Structure formats: structure tokens, C-alpha cells
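A look at the structure
Spelled out, the chains give:
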Amino acid sequence: MRRLFWLGIGLAVGVVVVRKATRTAQAYTPAGIASTVTESAGGLAESLRSFVQDVRVAMVEREQEIHEAFARGEAFDDQFAELREDPRIGDREIFPEEHQR
């Protein structure tokens, strides 16, 4: 009975090791590598798509705020007015002379 118990334990461990080794070997085959790359590229594309959608939503919201302020005859909050007043930050010129109005 004791030998049968240890034989069962050995078989179970053997099955687990073989399945793990098979999965690991599959990951390094050309098909496995292609699958991993495809999943990574899909995740990157989805992240980029989500980012673009967020930017578009924020852009529409900001444009709506500007249009509403214009309709009321108010000046909208210009976040970049200070940068236009001071055309140099550090050593880098933001608005070159030929592009200023």
C-alpha cells in the first residue's frame, strides 16, 4: 500500500513537470513567440487607441468651454499667456522672432 501511494505521488509530480515543460517549450517555438508578440502589439494598440480617445474627449470639452466663453463675451482662461509674454524659457526660444505676430 505504501509503494502504491508513492507511485501515485510520483506520477502526479511527473505529469505536472511534463505539462510545465511543454508549456515552456511551446513559448519558445516560433508560433509561441508570434503569439506573445501579437498579444503585446494588441495591448499596445489598445492603449494607444484609448489615449487618442481621451485626448479627443478633452479637446472637445476645452473647445466647448472656449465657445461658451466667446458666446458670453468673456475672455477664456488662457493658460499659456505667460509663455507668450516671455518668449524665452531657459536657453530655448519658444517663439522665434520670424514666427511672432
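Remember, it's a predicted structure, so these values are computed and weren't measured experimentally.

**A word on the overall build of the chain**
The secondary structure content of the chain amounts to three helices and two strands. The proportion of buried residues among the 101 residues of the chain is 2%. Carbon together with sulfur atoms contributes 62% to the accessible area of the chain, which is approximately 9600 Å² in total.

**As for the environment of Ala27**
With respect to the helices and strands, Ala27 occurs in helix α1 (residues 2–27). Residue classification places Ala27 among the partly exposed positions, given a relative accessible area of 36%. With near-sequence residues (within four places) excluded, Ala27 lies in contact with Gly32 and Ile33.

**Remarks on the confidence of the model for the chain**
For the chain, per-residue confidence averages 82 on the pLDDT scale, and residues scoring 70 or more make up 75% of the total. The element-level mean pLDDT for the chain is lowest in strand β2 (residues 92–93), coming to 54, with α1 highest at 91.

**Topic: a nonpolar patch on the surface**
A surface patch of nonpolar side chains, about 520 Å² in accessible area, is lined by Phe5, Trp6, Ile9, Val13 and Val17. With respect to the helices and strands, the residue Ile9 is situated in helix α1.

Conventions and cut-offs
Residues numbered from 1 in each chain as written. Predicted model: local features only at pLDDT ≥ 70, side-chain atom pairs only at ≥ 80, totals over all residues. Heavy atoms only, no water. Helix = DSSP H or I, 4+ residues; strand = E, 2+ residues; numbered from the N terminus. Buried < 20%, exposed > 50% of the residue type's maximum accessible area, 1.4 Å probe, protein only. Areas by Shrake-Rupley, 256 points an atom, 1.4 Å probe, with all protein chains shown as cover. Contact = heavy atoms within 4.5 Å. pLDDT = per-residue confidence, 0-100. Patch = residues over 30% accessible without salt bridge, like charges linked within 9 Å, V, L, I, M, F, W, Y side chains within 5 Å. Salt bridge = Lys/Arg side-chain N within 4 Å of Asp/Glu carboxyl O.

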